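Survey of secondary and tertiary structure
Each chain, written out:
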There are 6 protein chains.
Amino acid sequence: MSKIIGNNLPDMPWQEKPAGEHMPVWRYDQNPIIGRYEQKRSNSIFNSAVVPFEDGYVGVFRCDSRSISMDIFVGRSKDGIHWEIEDEPIKFEGADEEILTREYRYDPRVCKIDDKYYVTWCNGYHGPTIGVAYTYDFKKFVQLENAFLPFNRNGVLFPRKINGYYMMMSRPSDNGHTPFGDIFVSQSKDMEFWGRHRHMMSPVRGDESAWQCTKIGAGPVPIETDEGWLLIYHGVITTCNGYVYRMGCALLDIDEPWKVKYRTKDYIMAPITQYECMGDVPNVVFPCATLSDAATGRITIYYGCADTVTGMAFTTVDELLNYVKENSL
Amino acid sequence: MSKIIGNNLPDMPWQEKPAGEHMPVWRYDQNPIIGRYEQKRSNSIFNSAVVPFEDGYVGVFRCDSRSISMDIFVGRSKDGIHWEIEDEPIKFEGADEEILTREYRYDPRVCKIDDKYYVTWCNGYHGPTIGVAYTYDFKKFVQLENAFLPFNRNGVLFPRKINGYYMMMSRPSDNGHTPFGDIFVSQSKDMEFWGRHRHMMSPVRGDESAWQCTKIGAGPVPIETDEGWLLIYHGVITTCNGYVYRMGCALLDIDEPWKVKYRTKDYIMAPITQYECMGDVPNVVFPCATLSDAATGRITIYYGCADTVTGMAFTTVDELLNYVKENSL
Amino acid sequence: MSKIIGNNLPDMPWQEKPAGEHMPVWRYDQNPIIGRYEQKRSNSIFNSAVVPFEDGYVGVFRCDSRSISMDIFVGRSKDGIHWEIEDEPIKFEGADEEILTREYRYDPRVCKIDDKYYVTWCNGYHGPTIGVAYTYDFKKFVQLENAFLPFNRNGVLFPRKINGYYMMMSRPSDNGHTPFGDIFVSQSKDMEFWGRHRHMMSPVRGDESAWQCTKIGAGPVPIETDEGWLLIYHGVITTCNGYVYRMGCALLDIDEPWKVKYRTKDYIMAPITQYECMGDVPNVVFPCATLSDAATGRITIYYGCADTVTGMAFTTVDELLNYVKENSL
Amino acid sequence: MSKIIGNNLPDMPWQEKPAGEHMPVWRYDQNPIIGRYEQKRSNSIFNSAVVPFEDGYVGVFRCDSRSISMDIFVGRSKDGIHWEIEDEPIKFEGADEEILTREYRYDPRVCKIDDKYYVTWCNGYHGPTIGVAYTYDFKKFVQLENAFLPFNRNGVLFPRKINGYYMMMSRPSDNGHTPFGDIFVSQSKDMEFWGRHRHMMSPVRGDESAWQCTKIGAGPVPIETDEGWLLIYHGVITTCNGYVYRMGCALLDIDEPWKVKYRTKDYIMAPITQYECMGDVPNVVFPCATLSDAATGRITIYYGCADTVTGMAFTTVDELLNYVKENSL
Amino acid sequence: MSKIIGNNLPDMPWQEKPAGEHMPVWRYDQNPIIGRYEQKRSNSIFNSAVVPFEDGYVGVFRCDSRSISMDIFVGRSKDGIHWEIEDEPIKFEGADEEILTREYRYDPRVCKIDDKYYVTWCNGYHGPTIGVAYTYDFKKFVQLENAFLPFNRNGVLFPRKINGYYMMMSRPSDNGHTPFGDIFVSQSKDMEFWGRHRHMMSPVRGDESAWQCTKIGAGPVPIETDEGWLLIYHGVITTCNGYVYRMGCALLDIDEPWKVKYRTKDYIMAPITQYECMGDVPNVVFPCATLSDAATGRITIYYGCADTVTGMAFTTVDELLNYVKENSL
Amino acid sequence: MSKIIGNNLPDMPWQEKPAGEHMPVWRYDQNPIIGRYEQKRSNSIFNSAVVPFEDGYVGVFRCDSRSISMDIFVGRSKDGIHWEIEDEPIKFEGADEEILTREYRYDPRVCKIDDKYYVTWCNGYHGPTIGVAYTYDFKKFVQLENAFLPFNRNGVLFPRKINGYYMMMSRPSDNGHTPFGDIFVSQSKDMEFWGRHRHMMSPVRGDESAWQCTKIGAGPVPIETDEGWLLIYHGVITTCNGYVYRMGCALLDIDEPWKVKYRTKDYIMAPITQYECMGDVPNVVFPCATLSDAATGRITIYYGCADTVTGMAFTTVDELLNYVKENSL
């Protein structure tokens, strides 16, 4: 029995594993939880980040508008399932107009460190890079410097300092539909200057684990366990008809998280339902956030479906750790 | 209140806007109106052109055969919804065997000017160009010279001479799946020699209106209004899994139609139903014809779905003009 | 009335042609017969080969694992519809460890010649080539030398020697998603050394038969008829959103099978159902095996659907021969 | 003995064929005649057009500046060999500011028809197309409408009306380094509206004449002879290290010049000297103009070398006609 | 008259501007100064960095071996022209084996700040990034952390802290022959953690300054002048036969060096000699280092030629500043 | 001291190693020995095969015609340096018109086995494959079956049976400028049916030996030595400006020649002269034949230069074996 190091969240959304289910992750039976047109001007609402907040939940949502402009919005929910998303995108404050100038924003993650909620996202600054901001109340957001030079995507913070450093995963990219991509960990004393970049893991070439042969990227903020950091990530294969995005997980060393102790050879979830296989980008499941309950080990995953709608799925820390150990590369 | 300049067509297909619909265009609830196998040898029936004729409707239909040979066929309907399509493609007459020789034909539009019905289509002549023909009765079709040199697609006439010139929009292309494309207007005194080519509009790079960032092309014959020409067009974005075709509209200057007064930043319709997202080319809505009723301002759009079947959608001149003005680039 | 030269198989799976069906091949109404998760660790079960064996049926199945590792497995069925697939992939014996070393294996065919069941498949050996093995009992499999140098796919044997030679069709390829491909016939006296390579047929460029304009490949083992070898094959077109795989057939000279007597201009089957159009690779029907009954001329086709699940379809020798003669290129 | 239909030009640059020369075209022994830095701000001076004028010669020269901006300039020479090129590019006058607005200009040809000297060039107007202007004196240039829609290059006029129509060759292209390209002929009554487009000739696929397998384009203004129009053109092959541009010639029907009577299978000139093989674009000979002397049948060719400097070469009408007849495709 | 802020270097290599030279930079008349085979195992010696040291000069040289392995070597010279290059590449010391592990090293720059000589280079660490080391004596080199995540090239330091920060230019890239690339400036307090990334300048699209339309990259360490930082950089255009690398310069704000005051529209030097146009990569001039003499304003540029040999060229601060002001974008 | 197993050839072309030469292979000082225009209709004469014959030498030469048609021709020489090449290409006799039909022929090798001279070449048969023929007298050539299916190039025989089998190296390819390629060995009892294909060696990815990172291919017929087969081969790297072809060598096991005992990490020869770096395909040295003298160990290499002319270079068995052992991968 593994343990999540964290808070209890007894009322978070949850469904038991269905009888006969042989996969370690199972879907919410009312998926998708957020439809494409549920925000005032949205074309799609998908890769989105959720955290517990006050007596309910708050999230930062990627809503592509009907002009297919990508931006991020605050949403609120009592139960984590039914969401009210604001009509206007987040407005950031900050020191330098150069950094505040919006090109585009997408694929947010939210990470609570001490009393701040940090938002990281793919931020356009002469190419995609990692934008960073913090908020206490999801009303005022202070934008810091971009963490890295372009081209980068999938910047995900660890939820506490490790050996005195903030740590962020990211996936260096190019300026298009990037047919490659490894995960690195970078370190910072102050959330402004980053260095000590360490390579964490690469795609797997060849037949051994081909679902993650084109590129990989960190998903939700890692979950601390007594065995290490539990990371859920996405992997991509290139078929003759395009990319397929699936989910895997890894267990990282607790002190040097770029050291991978276990990593799934088999995926933990793949696009198979109509809402995952049909949409603006077919065949995508893309996890961006989890809720977890330390008492029971339950984990609820929020994930984007076909770059169009938002789904929810469930697992437990034991399911994932057993699976990754039995299926490790 | 804007006005359509044209005929009344009180019995054309129509459904009121559903309650709760927030988009300016809504689908016929019995879509698709023409299935893929409804013609003798068809694989698919999609980008097709419809006009009122005698006491009903007539159309020129793109039917790809089961050998995936592209040709155009006459179809007839009493109500604009149920169609009988001929088994044999249109046979053209004309002056020069060189021009009459068929390579392939697709994506027809029909435009009534005075007493002639002009058909324009993408015509293979050592590359795709714009074929032109006319008919009085949809039985005898006289083919004229190709309007332009290859490579060109989406040739769409204006329904009357403007300042003494026939005018045709077109979208210069290459010889493949063209990842670029602007709309131009060309002019002719005689439907044979064309010149005075003017650039009308380009794709929109970047985040501002990304659904139309790869290429655009004119759709149905423009509708004359008291505020200018109302043009419905398609726009394309390139995702990692291919193209998505959506619809927008623009209001053009009545005398110099290459001057764009308003143009939609947000799309007016996108592929979201199963018959638009699943088929030979997923994620395509492609408008080729409208019917309109001057008395009520109603507009019925015929559009191809997933390059496989034919759908119908509804709007009004006020819906579109209000939308384009509020959402203009 | 044409005749199949072969055994009777009166109990093989069969459904009569539905009223109103205008295509020469029709689907089993309970398709798909094998789902993606029906084997212990499978992600998908699709391009698979079936033969009558003892009092039922046996098959060699392509099961991609949840790590998307491609391998081939034995399955058994009483009725040809309900299948039990083994948990472990086929283990091959043979003379040379170099050849036995597995890189990847996929798209098997099974061909009975005399008393041996030969399995051919796409075999990784520094690139894809054609692996060859035989079995008497589907328990012990002896692997022979690879038939050809890389890069090759779709190696399909004829079910008897012709003029003293074993004959195998194949489709020379490259090391990726090969955007070209012709079918050749190669000859061997001993199943080990191959030569006398003859070109059989090419894709069809242009509008004449565009569904097979990108590449083609042999499907099931050819069926001997009194008019020649009946070959079912796949053809591929490249749309702006990827490949579409359809089925055609050809009638080959009985003694020089690289000579094509008739070949379908129109396809005989195309992906149109949800299980063929949605999946890991949308828009694929890929035939790999048939059962046939000489007494009635019935033919049952096993085919992969969307590279995800396995379907079954029906036709007769008369349906196909009439169709190919009326529709020949 | 063939005859040039045209003027005598006894003093034009000329050198006799060297002993031992086995090619039908031979180089000026002082090549290149114009170096890359011979104009005030030029980086290169190459694809350029020359005509007899008054008591000497005048030309329109492509000079790429040291910012690699492409524009066209007037040059003057007493002997056709030593040139003075103006410091400022040609300034055009004309009716419509939209057409006069310069994007870029390159690869000019000059064609005298009656008393006007027409200049055609590759003109940027939302893509490359064919600019047209005329001058009487090479001081005032009146720009007409662009002949065609983009994308087009290598627009070359015939030096008189044929059957009452101006005729222009061109090579439809795409918006990049175009890996394809056929020559067409278009017709006009007024130099403004163009139509009756006819296909003249295509690249030659395969081994038969591979130097012209990628694309071809008209070179100098055709030379009228008693056997038809003599056209010198360029052809391009794609090697693993880029394009190689060579020269060929064709004899066209005098009344329907899109009908090719003879066309060289073997090239007439290829890049082999250092100034043709080394430069901004290695391995290019690109002919844009000729001078010819009816009395002797002599022809002097001006051609661009490696997109960097200008060369001169010599031949005769008999050399070319004999060669094209003996080597015809 | 502008002034270089820096040391006098009266004996550095120098030749006066030749009579008739109209370019602002002129070549050493004995170029190349270092041939391809002048080091024990070298295939080529080109993009290399030189500084004054003790009573002569020292440099860090890119020598590609005859296995085309890229590494960097120390060289020494009395006169800056004749060089002795060590047989063995630089061996770095440092804190972390992970960082010290060599994948490949190329394109070094050397920058003296205070009493340390910093070397920056393109360093393979799961993709190209910027390696950083320092030395006092060119014998012992201490390697620091890589400055950035991959993919990056052309990391060039400023020769002093600015407003308390070390500053480094770099050019984010992809993992191949990168067909794009802007220059950014990044800041650091400690040479280990970097941030406050600012965009400096982009390639210039279109006809305005096409020699730098594909990508640009910083060249030598900037030269401080009384008008700002003088930066020499390279720019690349893509022709149909590959890339051409040329040189330009810019004047940067002295305190916020990402602000560009002037930037050359015309290049200052282009490959035109045989040793620049013929070699392993034809048509490349690539500047990596300068020597300068404050007293006279003289500047000597070391540059790679055709990725094969090393050349030297001369200019003055006045030549460049006058040129950039007169030719500014 | 190693020994060549073979005949003495005391009068073969030879020059001693120049003083100061540090490479193991040195050029003939009168290179090139055959110019591009030395055959009646040739554009280029390059990748060509030479053997001793009667009292002099005979060769099979690749001559691309001035139409750039690729074919192979017999040439004769008294001294191995001065050659007379026939005007007409080789006409083959044989059993099957299908095989005899010429598409294109290039890159011949000649291998004497017993009393026959076998010619192998790249032969067009619905794609490039390996043509095989034999002659006794270089007058009558009997063409056998193609050895393999397309796509293949660089088929090179071993000069005797090994363990009872003819053995041929080849390099499976695709249908274009193939950016990959390994060497395999195939076996045959009868020169007609081939099998037992074994992988010999691959390109070397990464920095270790990048000159051979894109593809490799066998060069001349291997030379038997007392230490194994000495193979000279070519290797290719992809620069931003195209391919560079260099030469290396390997020592193969005498009985199982797919087993590589040593292989050069450093190249043995690279294009550096003008006739190797300038021509139809710059930067190519491509070896196709050697002469060797067992008594002295001398080896003379014939190689193509820039796909344009033919050069000769010298080495000895000791030079190569010492080099490959000291430089082995």
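Quick note: structure is the one above.
This is a predicted model, so every value here is computed, not measured.

Moving on, we come to the interface of chain C and chain B. Across the contact, 24 residues belong to chain C and 23 residues belong to chain B. Summed over both sides, the interface between chain C and chain B buries roughly 1,900 Å², with carbon and sulfur atoms accounting for 51% of that surface. By the criterion of area lost to chain B, the three top residues of chain C are C:Asp207, C:Cys240 and C:Asn241, representing 32% of everything that side buries. Summed over the shared surface of chain C and chain B, the number is three salt bridges.

Right, let's get into the pattern of salt bridges. Considering all chains together, one arrives at 132 salt bridges over all chains under this definition. Salt-bridge contacts for E:Asp96 lead to A:Arg198; the nearest nitrogen and oxygen are separated by 2.8 Å. Of the two residues, E:Asp96 sits in the loop between strand E7 (92–93) and helix H1 (97–100) while A:Arg198 sits in strand E15 (residues 193–201), which places them in two different chains. For E:Asp96, a relative accessible area of 27% corresponds to the partly exposed category. Across the pair A:Lys325 and A:Glu227 runs a salt bridge whose closest N-O atoms are separated by 2.6 Å. Of this pair, A:Lys325 sits in helix H3 (residues 317–326) while A:Glu227 sits in the loop between strand E17 (223–225) and strand E18 (228–239); the two residues are 98 residues apart in sequence, bridging distant segments of the chain. Residue classification places A:Lys325 among the partly exposed positions, given a relative accessible area of 32%.

What follows concerns the packing of aromatic side chains. Counted by the stated rule, this structure contains 138 aromatic pairs over all chains. Between A:Trp14 and A:Trp26, the ring centres sit 5.9 Å apart and the planes meet at 75 degrees, which makes this aromatic pair edge-to-face. You can see A:Trp14 sitting in the segment before strand E1 (26–27) and its partner A:Trp26 sitting in strand E1, a full 12 residues away along the chain. Here a set of aromatic residues connected by ring pairs shows up, and it is made of A:Phe53, A:Phe92, A:Tyr117, A:Trp121, A:Phe138 and A:Phe141. Between the NZ or CZ atom of D:Arg36 and the centre of the ring of D:Tyr37, over which it lies, the distance is 5.6 Å. Positioned above the aromatic ring of E:Tyr134, the side-chain terminus of E:Lys116 is 4.3 Å from the ring centre.

Rotating chain C by 180 degrees and moving it 0.0 Å along the rotation axis overlays it on chain F with an RMSD of 0.0 Å. Put plainly, the chains are arranged around a two-fold axis. Both copies contact each other with a shared surface, as 100% of the interface residues of chain C are interface residues in chain F too.

Turning next to the interface of chain C and chain F. Of the residues lining the interface, 34 residues belong to chain C; the matching set on chain F comes to 35 residues. Both faces combined, the contact of chain C with chain F buries some 2,700 Å², and carbon together with sulfur accounts for 60% of it. Contact with chain F buries surface across chain C, with C:Leu149, C:Phe193 and C:Arg198 losing the most and accounting together for 26% of the total. Across the chain C-chain F interface, the total number found is eight salt bridges. Applying the counting rule to chain C against chain F returns 11 residue pairs in polar contact (both at pLDDT 80 or more). Mapped by element, the contributors of at least two residues to the side of chain C that touches chain F are helix H1 (97–100), strand E13 (166–172), strand E14 (183–188) and strand E15 (194–201) of chain C. Considering only residue class, the side of chain C that touches chain F consists of 13 nonpolar, 12 polar and nine charged.

Cut-off values and rules
- Residues numbered from 1 in each chain as written.
- Chains lettered and ligands numbered in written order.
- Predicted model: local features only at pLDDT ≥ 70, side-chain atom pairs only at ≥ 80, totals over all residues.
- Heavy atoms only, no water.
- Contact = heavy atoms within 4.5 Å.
- Buried area = accessible area lost by both parts, 1.4 Å probe.
- Salt bridge = Lys/Arg side-chain N within 4 Å of Asp/Glu carboxyl O.
- Helix = DSSP H or I, 4+ residues; strand = E, 2+ residues; numbered from the N terminus.
- Buried < 20%, exposed > 50% of the residue type's maximum accessible area, 1.4 Å probe, protein only.
- Phe/Tyr/Trp six-rings, centres within 6.5 Å; stacked < 30°, edge-to-face > 60°.
- Lys NZ or Arg CZ within 6 Å of the ring centre and 35° of its normal.
- Least-squares fit on C-alpha atoms with pLDDT ≥ 70 in both.
- Polar contact = N/O pair within 3.5 Å; in protein donor to acceptor, adjacent residues only side chain to side chain.
- Nonpolar A, V, L, I, M, F, W, Y, C, P; charged D, E, K, R; others polar.

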